[in-house]
Structure formats: C-alpha cells, structure tokens
Amino acid sequence: MQHTEQVIIGVDPHKLSATIEVVDDHEWMLGSGRFTTDRAGYAAMRKYARIWPQRVWAVEGANGVGRPLAQRLLESGEHVVDVPAKLAARVRLFDTGHNRKTDAHDAHAVAMVAVRTRGLRVLRVDGQLEALRMLVDRREALTRRRVQTVDRLQALLAELLPAQAKKDISTGQAKRMLATVRPRDVAGTTRRRIAAEELAELVAVEAKMKKANAELKAIVVDRGSRLMDLHGVGTVVAARVLADVGDVARFADRNRFASWTGTAPLDASSGEQNRHRLSRAGNRRVNHMIHIAAISQLRVDCDGRAYYRRKRSEGKKPLEAIRCLKRGISDAIYRQLVADEQRAGGTGPGGHCRGDSNIQRGRLPPAHRHFTTSRTRATDATRTVRDPEDQPPQSTSDDRLTTEVFLR
C-alpha cells in the first residue's frame, strides 16, 4: 500500500552501505533500513522507498562520501538535498544528549536536519560539472606526480653532475645535462639510466597536464564562466572553484562564501581588545586556489599588489596583508559566480536551483518549499570596500561593500 504523505528520507552513506530513516514533516519515523550500495542493494532501497511517492532524499555529505549515492539517485529521477555533516552532528548531539555515532543515529540526525532546516542545497543532474570535478582531481594528481618525479630526477642529477643541479629544471635542461654525462662504472651507468627513465616519465606527465589544462579550459568556457577574467585566476583555479562550489545559490551572501573558503577571519575579541585570528576552517582546496591567485597578483603591477602595499603601510604584517587580499579575492570570485549564474538564467543567492520545476510545483514537504529566506543582490565589481578583516564572517546586511581590485 502506498502512502500519500510527503516524507524525508535521511541517508547516512558509506562506501559499502547506506542506512536510511524515513520521517514525515512532523518528525514521526515511518520506516528505516540498511542497504548495501551494490546494484542489488540500491534496487532494494529504491523499492522500499517507492511506497512514499512524494519523497525527498536527504544525503549527508553529498559533495564527499555521499556523492556517488546522491548522483545515482539524481540519475534515477529522485529529489535530493545535501545535508552538511556539521549540521547532522549538532542535531545528533542535541537529540541524543551525546555524540556517540551509529549509522542509525546518523540517519536520524540527517532526516531531522532536512525537516527543520531551510536553505539546504538542492542537487540537480549536471554531468558536465561532474566531469569537471573528475578532470580537476586528475590534474591535481598529475601535479603531485610531476613534483615527485622532478624531485627524484634532481637528486639523480645532483649525483651525476655535482654542483650543477638547478633548483627549477625544465625537461629541455635535464636532457642537455644528461647528454654531457658518460659514466664508466656500473653505479654511474645505472644512475644515468634511471635518470633517463625519470625524465621520460616527466615528459609524459607534462604532456598529460597540458591535455588536462585544455580540457578544463574548454569546460570552463563552455559553462559561460568568466572567472578567468579575474586577475590571477587561471584555468586550474577557475576549474577547482566551479567544481567545489557547484551551485553558488547555496551561499546567502559573500560573507557566507568567505566563511566556506576559509578567508573570513574569526572574531577573537575579549574585553577591551578587538582582534581577529586566522580561520583554518572551510574548504582548504579552494582556499589554496585563492592563495595562488593572491600570490599571482603580488608578482605583477596590478590593483591587488597596490591593495597589499596599502595594507602593509597601515601596519599589517605580510601574512596579515595577504589574508586581507585573499578575502578580497574571495569576494570578487563570489560576485563573478553570481553574475555568471544570473546571466545564465539562474536566480542567484537565495533562489531555487535553475530548472528545478518539481520543487516549484510544491512536491516537497512544507519545510522544503522555500530553501532560503533571503535574496542577495549581486553588486558591481568596481566599488570600494572596508578592510576585509573588519567584516563579520556571517553578516548578511552589508553586501554593498565590495572590493575595487582583482579585475584585469
């Protein structure tokens, strides 16, 4: 017998299994179960959930360990929302009085978050974005492999050519250096042969990196993104930002985005002392990309370097000035993402996901018919701002304050 009530299915995903709990919008538990994630287990889970035709799947960590399951559900035509692990942990603590984890407790906490929380990110099928994620991960793996290969090659060259090894070496330079070596002993001959093999591997890795860069650039341009118009934001930085952000509408304003990127300073004021400290939270991969953009701006004569120097003249230390610059770049990236989304026909921050007609028809429980409570207006990228360190990380009322720098 089918049930007509609208339900939330909380999912605690793992690599080999998924535990679910079904609740209605009054938080009454209607069912639960544990299923394997192979083809038979997935089919059994969907068959079990089919008795609730109006259902929403709430998957914990849909950008992490829950991504494979969330993508399978989306491809099957299901409605899926992403539940951050931190929210689920808080609900688990408050509902149980302790923070001991079990799969059943986790599934219950995920379902409760989905019932009670507005603003959860609605997932949608985007094969191109998924391909972008895979390619940018592949590009980063190739970068690590290249660094390791160069280190091994330099160590061998330092033994073959003492006092001639270079800190930054290209494949052409390595070839010329190897051509001058003619060892006569067995150890020297073996060392040169291994160096030649490392050099061949380096050439192959760099060819793959070049191909990956071309593919990434093609996807970034095809998605209509203008992130690469920002100074210091190249193909890899833009691709990583797009891949990890997904839908920019999940961020209410630039301050929420800065908190997610880890560029919003944390308030550490006490008594008469007013100060902020470095945030080590947020998405560290995107934070690293913003750091790359900041360093790139410092190397050329642009508004970013002028901004950095102004902060230094105000008495800030070098690292503090770089943090200010990174916050400004985070704001500029957020504004560009919003502008790109609006130009593509989306709603921007605070709106529904583009093309999600099932949600607009009201097929979700009351708590999910509006996934946010406010809209944020995209601002012009040429207005001036206060010092980013003076901005509260979660403010929603001062989005007019933007930065003058970071555009070519």
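Procedures and definitions
- Residues numbered from 1 in each chain as written.
- Predicted model: local features only at pLDDT ≥ 70, side-chain atom pairs only at ≥ 80, totals over all residues.
- Heavy atoms only, no water.
- Helix = DSSP H or I, 4+ residues; strand = E, 2+ residues; numbered from the N terminus.
- Buried < 20%, exposed > 50% of the residue type's maximum accessible area, 1.4 Å probe, protein only.
- Contact = heavy atoms within 4.5 Å.
- Areas by Shrake-Rupley, 256 points an atom, 1.4 Å probe, with all protein chains shown as cover.
- Axes fitted to C-alpha atoms, helices over the stretch in contact; angles between N-to-C directions.
- Parallel < 35°, antiparallel > 145°, perpendicular 65-115°, else oblique.
- Left-handed = near helix turned anticlockwise from the far one by under 90°.
- Nonpolar A, V, L, I, M, F, W, Y, C, P; charged D, E, K, R; others polar.
- Pairing = 2+ DSSP bridges.
- Core = buried A, V, L, I, M, F, W, Y, C linked by side-chain atoms within 4.5 Å.
- Salt bridge = Lys/Arg side-chain N within 4 Å of Asp/Glu carboxyl O.
- pLDDT = per-residue confidence, 0-100.

Student: How should I be thinking about the overall build of the chain in this particular structure?
Tutor: Helix and strand counts for the chain stand at 13 helices and eight strands. Within the span of the chain, comprising 408 residues, buried residues form 48% of the whole. Sequence separation of at least 24 residues holds for 61% of the intrachain contacts in the chain that already meet a minimum separation of 6. By element, 51% of the accessible surface of the chain is carried by carbon and sulfur atoms, the whole surface being about 20,700 Å².

Student: For this particular structure, what's the right way to read unusual backbone geometry?
Tutor: The phi dihedral of Glu27 is positive, around 70°, even though this residue is not glycine. Mapped onto the fold, Glu27 is located in the loop between strand S2 (17-24) and strand S3 (29-36). On the basis of relative accessibility, which here comes to 32%, the residue Glu27 falls in the partly exposed class.

Student: Whenever I open this one, the environment of Gln297 confuses me. Can you help?
Tutor: Note that Gln297 resides in helix H10 (residues 284-298). Considered as a pair, Gln297 and Gly232 are 65 residues apart in the sequence and their alpha carbons are 5.7 Å apart.

Student: Explanation requested: the packing of helix H1 (residues 39-49) against helix H2 (residues 67-75) in the structure shown.
Tutor: Pairs of packed helices are described in terms of their axes, by the angle between the two and the distance that separates them. Relative to each other, H1 and H2 sit at 60°, their axes nearing to 12 Å. By the criterion of interaxial angle, the relationship of H1 to H2 is oblique. Taken as a pair, H1 and H2 cross one another with a handedness that is right-handed. In contact with Arg39, Tyr42 and Met45 of H1, H2 contributes Leu69, Arg72 and Leu73. Looking at the contact of H1 with H2 residue by residue, the class counts come to four nonpolar, no polar and two charged.

Student: Looking at this model, I keep getting lost on H2. Mind explaining?
Tutor: Since one α-helical turn is 3.6 residues long, residues separated by three or four positions face the same way. Along H2, the residues that are buried comprise Arg67, Leu69, Ala70, Gln71, Leu73 and Leu74. Looking at the buried residues of H2, the elements they touch are strand S1 (7-13), S2, H1, strand S4 (55-60), strand S5 (80-83) and helix H5 (127-160).

Student: Would you mind showing me how to read the packing of H5 against helix H8 (residues 235-245) here?
Tutor: Relative orientation of the contacting elements H5 and H8 amounts to 130°, with a least axis distance of 9 Å. For the element pair H5 / H8, the angle class is oblique. Between H5 and H8 lies a crossing of left-handed hand. Between H5 and H8, the residues in contact are Leu129, Leu132, Arg133, Val136, Asp137, Arg139 and Glu140 and Val236, Ala239, Arg240, Leu242 and Ala243, respectively. In terms of residue class, the contact of H5 with H8 is made up of seven nonpolar, no polar and five charged.

Student: For this particular structure, what's the right way to read the pairing of S3?
Tutor: For a regular strand, side-chain orientation follows a simple rule: the groups alternate between the two sheet faces. The pairing of S2 with S3 spans seven bridges and is classified as antiparallel. Looking at the pairing, Val22 lines up with Gly31 of S3. Counting the residues in the hairpin turn of S2 and S3 gives four residues, including Glu27, whose phi is positive at 70°.

Student: What am I meant to see in the nonpolar core here?
Tutor: In globular proteins that are soluble, nonpolar side chains generally tend to be buried together. Membership of the largest hydrophobic core comes to 40 residues, with the highest contact counts inside it found for Leu132, Leu227, Val241, Val245, Phe257, Ile333 and Leu337. Contributing elements (two or more residues each) for this core: H5, helix H7 (186-222), H8, helix H9 (254-261), H10, helix H11 (303-313) and helix H12 (318-343). For this core, the element with the highest residue contribution is H12, accounting for 10 residues. In this structure, Leu337 is in contact with Leu227, Val241, Leu242, Val245, Val248 and Phe257, ignoring residues within four places of it in sequence. Formed by 20 residues, the second largest nonpolar core is a distinct cluster that contains Ile20, Tyr42, Val59 and Ala70.

Student: Help me understand the pattern of salt bridges, please; the structure alone is not making it clear to me.
Tutor: When their charged atoms lie close together, side chains carrying opposite charge are able to pair. Counted according to the given criterion, the structure contains 24 salt bridges. Residue Glu27 pairs with Arg116 through a salt bridge whose shortest N-O separation is 2.8 Å. Highlighted residues: Glu27 in the loop between S2 and S3 and Arg116 in helix H4 (residues 103-116), separated in sequence by 89 residues. Since its relative accessible area comes to 42%, Arg116 is described here as partly exposed. Here Arg34 makes a salt bridge to Asp103, at a shortest N to O gap of 2.4 Å. Placement of Arg34 in strand S3 and of Asp103 in helix H4 is noted, with a sequence separation of 69 residues between them. A relative accessible area of 54% means that Arg34 is categorised as exposed. In this structure Asp103 comes out as partly exposed when scored by relative accessible area, which is 22%. By sharing partners, the salt bridges in this structure join Asp137, Glu140, Arg240, Asp244 and Arg285 into a single network.

Student: Even after reading the chapter, I still don't get the confidence of the model for the chain, so can you show me in this structure?
Tutor: For any part of a model where pLDDT is low, the fine detail of the predicted coordinates should not be relied upon. Put simply, the chain has an average pLDDT of 81, and 82% of its residues get 70 or more. Per-residue pLDDT stays below 50 along residues 350-408; that stretch engages in 161 contacts with residues further than four places along the chain or on separate chains.

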